[in-house]
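Per-entry structural report
Here is what each chain is made of, one letter per residue.
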Amino acid sequence: EAQVTQNPRYLITVTGKKLTVTCSQNMNHEYMSWYRQDPGLGLRQIYYSMNVEVTDKGDVPEGYKVSRKEKRNFPLILESPSPNQTSLYFCASSPTAGSGNQPQHFGDGTRLSIL
Amino acid sequence: GQQVMQIPQYQHVQEGEDFTTYCNSSTTLSNIQWYKQRPGGHPVFLIQLVKSGEVKKQKRLTFQFGEAKKNSSLHITATQTTDVGTYFCAGPPGVSWGKLQFGSGTQVVVTP
């Protein structure tokens, strides 16, 4: 089954403790992206990747890192999490992002609580 | 930078009624996408509009892209309880094909 898999689905942690949210897709998609969703703000793009070893900032990249060493994986890293990063996070992928954006397939989301 | 605004933020609809949600961009969009997110779920792609003035229908849903490609609308006729959820529009700012900006969404509640 074609899907985008995020782990963990839920995480409660403390300020300053490094964490990684994994994202994996099995559709051989070139493009992957991370979003955070907060009430009243919709989805805001954190980082995106057009292909392996190619990443770029979205609208809210501060406090986050990403890497794209393999096509299928796009982990989101919070080196020193803070309470304002408490949010619902979504990973998404699409076949390519060239010639205009293409429909994105979303994972089920990761709810992070930073105390 | 570009901003994608959506109105209304919240829509309470009686079952069987029609409603429309609007999406407005401060800049011209090359295309616009619409997504639906059910409560507790993830966004699911509905449709993409590319041409100026384009109109597309999916059963009771009608999507429209403005002539100036700066606004879009989603009209739902004869609302059903299955239409409950939040509807988002999204568009790429400028010529940056990798970036995608979402509107704040319209949360739809349907009363039987």
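Now for a description of the structure that goes with this document. Here the residue numbering is sequential within each chain, running from 1 through the sequence in written order. Written order decides the labels, with chains lettered from A and ligands numbered from 1. The predicted origin of the model limits local features to residues at a pLDDT of at least 70 and limits the giving and counting of side-chain atom pairs to 80 or more, whereas totals for whole chains, interfaces and linings rest on all residues. Here the side-chain values reflect all heavy atoms present in the structure, with hydrogen atoms and water set aside.

Some remarks on the sheet that holds strand β6 (residues 55-58) of chain B
Residue and element names in this part refer to chain B. Basically, it comes down to this: Strands were regarded as paired on the criterion that DSSP finds at least two bridges between them. Here a helix means four or more residues in a row that DSSP labels H or I, a strand means two or more in a row labelled E, and each is numbered from the N terminus. With axes taken as lines fitted to C-alpha atoms, and helix axes fitted only over the stretch in contact, angles between N-to-C directions fall between 0 and 180 degrees.
Spatial strand order, β1-β3-β8-β7-β6: 5 strands in an open sheet with antiparallel pairing. Taken across any chain shown, the strands that pair with only one partner, and hence form the sheet edges, are β1 (4-7) and β6. For this sheet the average axis-to-axis angle between neighbouring strands, irrespective of direction, equals 15°. Sheet analysis places β6 next to strand β7 (residues 61-65), joined by 4 bridges and oriented antiparallel. Paired with Q58 across the strands is L61, a residue of β7.

Some words on a nonpolar patch on the surface
Residue and element names in this part refer to chain A. What counts is decided by this rule: Here a patch means residues that are over 30% exposed by relative accessible area and free of salt bridges, tied together within 9 Å if like-charged and within 5 Å if nonpolar (Val, Leu, Ile, Met, Phe, Trp, Tyr). Shrake-Rupley sampling with a 1.4 Å probe provides the accessible areas, and residues are treated as covered by the protein chains on show and by no other component. A pairing counts as a salt bridge when a side-chain nitrogen of Lys or Arg comes within 4 Å of a carboxyl oxygen of Asp or Glu. Relative accessibility under 20% of the residue-type maximum defines a buried residue, over 50% an exposed one, and the middle range a partly exposed one, all with a 1.4 Å probe and only protein chains included.
On the surface, a nonpolar cluster with roughly 330 Å² of combined accessible area is contributed by I12, V14 and L115. Assignment of secondary structure puts V14 in the loop between β2 (10-13) and β3 (19-25). Under the relative-accessibility criterion, V14 is labelled partly exposed at 44%.

A word on the interface of chain B and chain A
This is how the line gets drawn: Pairs of residues are marked as contacts when any of their non-hydrogen atoms sit within 4.5 Å. Buried area, as used here, totals the accessible surface that two parts lose on assembly, with accessibility defined by a 1.4 Å probe and the loss added over both. Between N or O atoms, a polar contact is any pair within 3.5 Å; within protein, one atom must be a potential hydrogen donor and the other a potential acceptor, and residues adjacent in sequence are included only when both atoms are from side chains. As a working rule, the residues Ala, Val, Leu, Ile, Met, Phe, Trp, Tyr, Cys and Pro are called nonpolar, Asp, Glu, Lys and Arg charged, and the rest polar, with Gly in that last group.
The partner chain A presents 24 residues to the 21 residues of chain B that form the contact. Carbon and sulfur atoms make up 51% of the area that chain B and chain A hide from each other, which totals about 1800 Å². The interface formed by chain B and chain A contains 0 salt bridges. One can count 8 residue pairs in polar contact (both at pLDDT 80 or more) joining chain B with chain A. Sorting the residues of the side of chain B that touches chain A by element identifies β4 (32-37), β5 (43-49) and β10 (101-102) of chain B as the ones contributing at least two each. Here the side of chain B that touches chain A is built from residues that sort into 8 nonpolar, 12 polar and 1 charged.

Some details on the pattern of salt bridges
All names here are of chain A. On inspection of all chains with the given rule, the structure shows 5 salt bridges over all chains. Measuring nitrogen to oxygen at the nearest pair gives 2.9 Å for the salt bridge that ties E79 to K65. Taken together, the positions of E79 in the loop between β8 (76-78) and β9 (87-94) and K65 in strand β7 (residues 65-66) put the pair 14 residues apart, joining distant regions of the chain. Within this structure, R36, D38 and R44 form a network of salt bridges that share partners.

Here we look at the pairing of β3 of chain A
Residues and elements named next belong to chain A. The buried count for β3 comes to 5 of 7 residues, which makes it a mostly enclosed element. When strand β1 (residues 4-7) meets β3, the two strands line up antiparallel, connected through 4 bridges. Opposite V4, over in β3, you have Q25 as the bridge partner. Bridging between β3 and β8 involves 3 bridges; their strand directions are antiparallel. For V21, the partnering residue across the bridge sits in β8 and is L76.

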